[in-house]
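# Structural characterization, general
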Amino acid sequence: MSPIFRYIPVLLLAAFVPCLYAGTPAEQRFDKMERHLRELQSLEVHYTAEGEAFADSALGGRMVWIRPDRFYHDTPEWTLAQHGDEKWRYLKGQSTLILETVRDDDPQLPEEVLFALNEEVAAETLAIDPAESGAHKLTLKTTNEQATGEFWLWLHADSDQPLKIAWRLPDGTVAAYRVETWRENISVDDGLFTRPDASETIDFRLKKETDKR
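Residues numbered from 1 in each chain as written. Predicted model: local features only at pLDDT ≥ 70, side-chain atom pairs only at ≥ 80, totals over all residues. Heavy atoms only, no water.

### Looking at the pairing of strand E11 (residues 174-184)
What counts is decided by this rule: Here, strands pair whenever DSSP counts at least two bridges between them. A helix here means a DSSP run of H or I that spans at least four residues, while a strand means a run of E at least two residues long, and both kinds are numbered starting from the N terminus.
Judged from the 8 bridges that link them, strand E1 (residues 42-50) and E11 form a sheet pairing that is antiparallel. By the bridge assignment for E11, Tyr47 is matched with Val179. Following strand E10 (residues 162-168), the chain reverses through 5 residues before pairing antiparallel with E11; Gly172 in that reversal takes a positive phi of roughly 95°.

Structure representation (structure tokens):
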């Protein structure tokens, strides 16, 4: 598995927390986008990976969110799905299926900046970016010590749809997703979340108390 993808494998489907006060232009723009995302029941995004962390390899991916607790992320190297408190990851090259349990203390990941915004994420600055056709560039910070602390979010000037999201990795490099297609409130076949057949299965799910006795 490419090291970069270890930072972006899963969405923790936390509840959106309304912003009660938006004072600065950055906070107002952030709050407007957040309120729009909270209204969605489902979302599908196709993206292209960009940035020095991807070595200009232009990898593509697909992500699907279904409220309240389903998430699907497909890349050239792996597929991940989450349903409720369980998730699986399929490593394509190794034909290996990994089963895991979603935990409340799992670290926050970049997808959350877009789709599980909460009180741990704050908008700091807002600027017009001529290099991105005048898109609104938000600088975001998180107070969660387990999460990557610095993000940038580009929004179309005339809509709440994100154009690109970027974040700084612990090694200092920058990774980004450029949104290619964005489809809201779509119908999704439940089969998308079905575990694939694999040559090997590794089960890391938490054991029940009765299993420990």
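Structure shown, so let's carry the discussion forward.
### Quick look at the environment of Arg62
For clarity, the cut-off: Burial classes: relative accessible area under 20% of the type maximum marks a residue as buried, over 50% as exposed, and values in between as partly exposed (1.4 Å probe, protein chains only). Contacts are assigned to residue pairs that have any heavy atoms within 4.5 Å of one another.
Tracing the chain through its elements places Arg62 in strand E2 (residues 60-66). On the accessibility criterion, Arg62 (25% relative accessible area) is partly exposed. Along the sequence, Arg62 and His73 sit 11 residues apart, while their C-alpha atoms lie 5.7 Å from each other. Once you skip the residues sitting within four places of it in the chain, Arg62 turns out to touch Glu44, Val45, His46, Tyr47, Tyr72, His73, Asp74 and Leu192.

### A few points about the confidence of the model for the protein
What counts is decided by this rule: A residue's pLDDT is the predictor's confidence in that residue, given on a scale from 0 to 100.
When pLDDT is averaged along the protein, the result is 79, and 73% of the positions lie at 70 or above. When pLDDT is averaged over each element of the protein, strand E12 (residues 200-203) comes out on top at 97 and helix H3 (residues 209-212) at the bottom at 42. Note that pLDDT drops below 50 for residues 1-22; the model gives that stretch 80 contacts with residues more than four away or on any other chain. Here residues 208-213 is a poorly scored stretch, pLDDT under 50, and it has 1 contact once near neighbours within four places are set aside; other chains count.

### Some details on the packing of aromatic side chains
For any pair of aromatic rings, the description consists of the separation of the ring centres together with the inter-plane angle of the planes. Condition: Aromatic pairs are defined between Phe, Tyr and Trp rings, using the six-membered ring for Trp, whenever the two ring centres lie within 6.5 Å; interplanar angles under 30 degrees are classed as stacked, those over 60 as edge-to-face, and all others as tilted.
With the rule as written, the count across this model stands at 4 aromatic pairs. Relative to Tyr177, the ring of Tyr47 lies with its centre 3.9 Å away and its plane at 25°, an arrangement referred to as stacked. Taken together, the residues Tyr47 in strand E1 and Tyr177 in strand E11 connect sequence positions 130 residues apart. Considered together, Tyr47 and Tyr177 belong to a single accessibility category, that of buried residues. Here Tyr72 and Phe193 contribute two aromatic rings whose centre-to-centre distance is 6.5 Å and whose plane-to-plane angle is 85°, an arrangement assigned as edge-to-face. Here the residue Tyr72 occupies a position in strand E3 (residues 70-74), and Phe193 occupies one in the loop between E11 and E12, the gap between them amounting to 121 residues. Considered together, Tyr72 and Phe193 belong to a single accessibility category, that of buried residues. Put simply, the rings of Tyr47, Trp167 and Tyr177 pair up and form one aromatic cluster.

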